[in-house]
Amino acid sequence: MSNTIPLFEPDPYVVALDEVAALDAQIARLSAARARRVTDARNHLHRQAPTDTSTGGPAWSPVRVERVELVTELAQLTRRTEYRTTTLVDTSTALVDRLPATLAAITAGVLSWEHAEVIAKHADGLEGEALTSYDNRLAVLAAEVNPTQLDRKARHEVELAQPTTAVERAEKATATRRIYVDQAADGMAYLTLFAPAPEIHAIADRAIRLAAGLKSGGDPRSMGHLKVDVLTDLLLNGETSIPGATRGIRGRVHVMVPAMTLLGVGEEAAILRGYGPIDPATAAQLTADATSWRRILTDPITGRILATDPRDYRPTAAMIDHARLVHPECVFPGCTVPAEQADIDHTDDHAYGGGTIPENLAPLSQAHHKVKHHTRWQFVQNGDDTLTATSPAGHVYTIRPEGRMEPAPRQLVALVAATVAATPEEDLADCPF
């Protein structure tokens, strides 16, 4: 009788998990290679020595021009936000230039890119032996913890390495405080408040205590919903205590509702400016509560918004409003700054003969307005509400209007045309539209 050794099939669940871990290691190695290439791109751009292209105002230093051109270029090529691209550039250059131990660990597939971002972020300001000690120590610690845990350890290691710079680093970090909005699905969005930790924890504590008070009073909403609702109420209806701030300011939103949809005979979605299409029920509620209305005429054939014929040297209020209606956000590729917070720019510089007409005006955020004038980015209006942007490296991007309504149905256009043709001219004078 022969002895046989039973063969066991590997557990497919375990195999799948092992493959995920192997792919993560491969991604880490590729991330290390990408960091080197990003740094190569920076060095090649430096050798090109781009300079300020503006014709007036304070000039940008070559260092600033280089950084802005690199970040904006990479942001478009990789479809990242400029904020995330800045993190990519800063992390990459820190790894290659200053953190050899961490770069070696990523190249070996031991650490993830998320770990690298944490280590590079907290290395800012460290030099000499303090930097070397920090790099070596964190490269080891990172292999044992996730990025959130590593963040706490990194801050602790920095305090040990350079405790005298804690106040300076806190002041520098405070200068980066900001608010930004990220869109979500189904009519939702994220509001991110990046501020000093004591204020953030105090805000969260106030929301919890207010929500708890309502809950104990019998409010049926969950604690999670109550915290959101009380903070929303405070932000929209509360008053600021900052000296000099204007009181009575209330939040505003702009909604474009097609007339046919409003009358219940059309299906085109309403547009919340800065967000996009919203559901009919929300649109109906917003329009019912609207404090003001403005009629916007569109070409029934093309859907383009029709503007008045301006003749002033400076953009008129109607021209500015028109530019913001056609492009509800900054027209720089990838930018999501609302048009109301942006400058109205002459696409063809007025100093070089560009006209103050709707076809030559478009919103640019203050930051990108400067990028347009100080770097080699170029913009062209195409005459159909689209713009063409050409990057310093020669990549071409098309910016399409978001504020355009769908053309009216051909049958409706024909019906209106026939009705107008059959209506006496004196009767048309009484038409409210």
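What counts, and at which threshold
- Residues numbered from 1 in each chain as written.
- Predicted model: local features only at pLDDT ≥ 70, side-chain atom pairs only at ≥ 80, totals over all residues.
- Heavy atoms only, no water.
- Axes fitted to C-alpha atoms, helices over the stretch in contact; angles between N-to-C directions.
- Helix = DSSP H or I, 4+ residues; strand = E, 2+ residues; numbered from the N terminus.
- Parallel < 35°, antiparallel > 145°, perpendicular 65-115°, else oblique.
- Left-handed = near helix turned anticlockwise from the far one by under 90°.
- Contact = heavy atoms within 4.5 Å.
- Nonpolar A, V, L, I, M, F, W, Y, C, P; charged D, E, K, R; others polar.
- Patch = residues over 30% accessible without salt bridge, like charges linked within 9 Å, V, L, I, M, F, W, Y side chains within 5 Å.
- Areas by Shrake-Rupley, 256 points an atom, 1.4 Å probe, with all protein chains shown as cover.
- Salt bridge = Lys/Arg side-chain N within 4 Å of Asp/Glu carboxyl O.
- Buried < 20%, exposed > 50% of the residue type's maximum accessible area, 1.4 Å probe, protein only.
- pLDDT = per-residue confidence, 0-100.
- Core = buried A, V, L, I, M, F, W, Y, C linked by side-chain atoms within 4.5 Å.

1. Points about the packing of helix α5 (residues 113-123) against helix α7 (residues 147-161)
So, point 1. The N-to-C vectors of α5 and α7 enclose an angle of 20°; their axes lie 9 Å apart at closest approach. Overall, the two elements α5 and α7 adopt an arrangement that is roughly parallel. Note that α5 runs across α7; the crossing there is right-handed. Two secondary-structure elements touch here, α5 through Glu 114, His 115, Val 118, Ile 119, Lys 121 and His 122 and α7 through Pro 147, Leu 150, Asp 151, Ala 154, Arg 155 and Val 158.
So, point 2. A per-class count over the contact of α5 with α7 returns six nonpolar, two polar and four charged.

2. Considering a nonpolar patch on the surface
So, point 1. On the surface, Ile 179, Val 181, Leu 191, Leu 193, Ile 203 and Leu 235 cluster together to form a nonpolar patch covering roughly 580 Å² of accessible area.
So, point 2. Elements with a contribution of two residues or more to the nonpolar patch: β1 (178-183) and β2 (189-194).
So, point 3. Within the secondary structure layout, Leu 235 lies in helix α10 (residues 223-237).

3. Overview of the pattern of salt bridges
So, point 1. Throughout the structure, instances matching the rule amount to 14 salt bridges.
So, point 2. Between Lys 121 and Asp 151 there is a salt bridge whose closest N-O contact spans 3.1 Å. Residue Lys 121 is found in helix α5, and its partner Asp 151 is found in helix α7; the two are separated by 30 residues along the sequence.
So, point 3. Here Asp 151 falls in the buried class, since its relative accessible area comes to 18%.

4. Section: the confidence of the model for the protein chain
So, point 1. On average, residues of the protein chain carry a pLDDT of 82, and 76% of them reach 70 or more.
So, point 2. For the protein chain, per-element mean pLDDT is lowest for helix α16 (residues 425-428), which scores 52, and highest for helix α4 (residues 100-107), which scores 97.
So, point 3. Every residue in residues 308-313 is under pLDDT 50, and counting partners more than four places away or in other chains gives nine contacts.
So, point 4. Across residues 428-433, confidence stays below pLDDT 50; counting only partners more than four residues off in sequence or on other chains, it has four contacts.

5. Considerations on the nonpolar core
So, point 1. Ranked by size, the top nonpolar core spans 32 residues in total, and within it Leu 95, Leu 99, Ile 106, Ile 119, Tyr 134 and Leu 150 carry the most contacts.
So, point 2. Counting residues per element, the ones that place at least two in this core are α1 (12-48), α2 (62-78), α3 (82-98), α4, α5, α6 (128-141) and α7.
So, point 3. In terms of residue count, α5 provides more of this core than any other element does, six residues in total.
So, point 4. Residues in contact with Ile 119, not counting those within four places in the same chain, are Leu 99, Thr 102, Leu 111, Tyr 134, Leu 138, Ala 142 and Leu 150.
So, point 5. Ranked by size, the runner-up nonpolar core spans 16 residues in total, among them Val 331, Ala 362, Tyr 397 and Ile 399.

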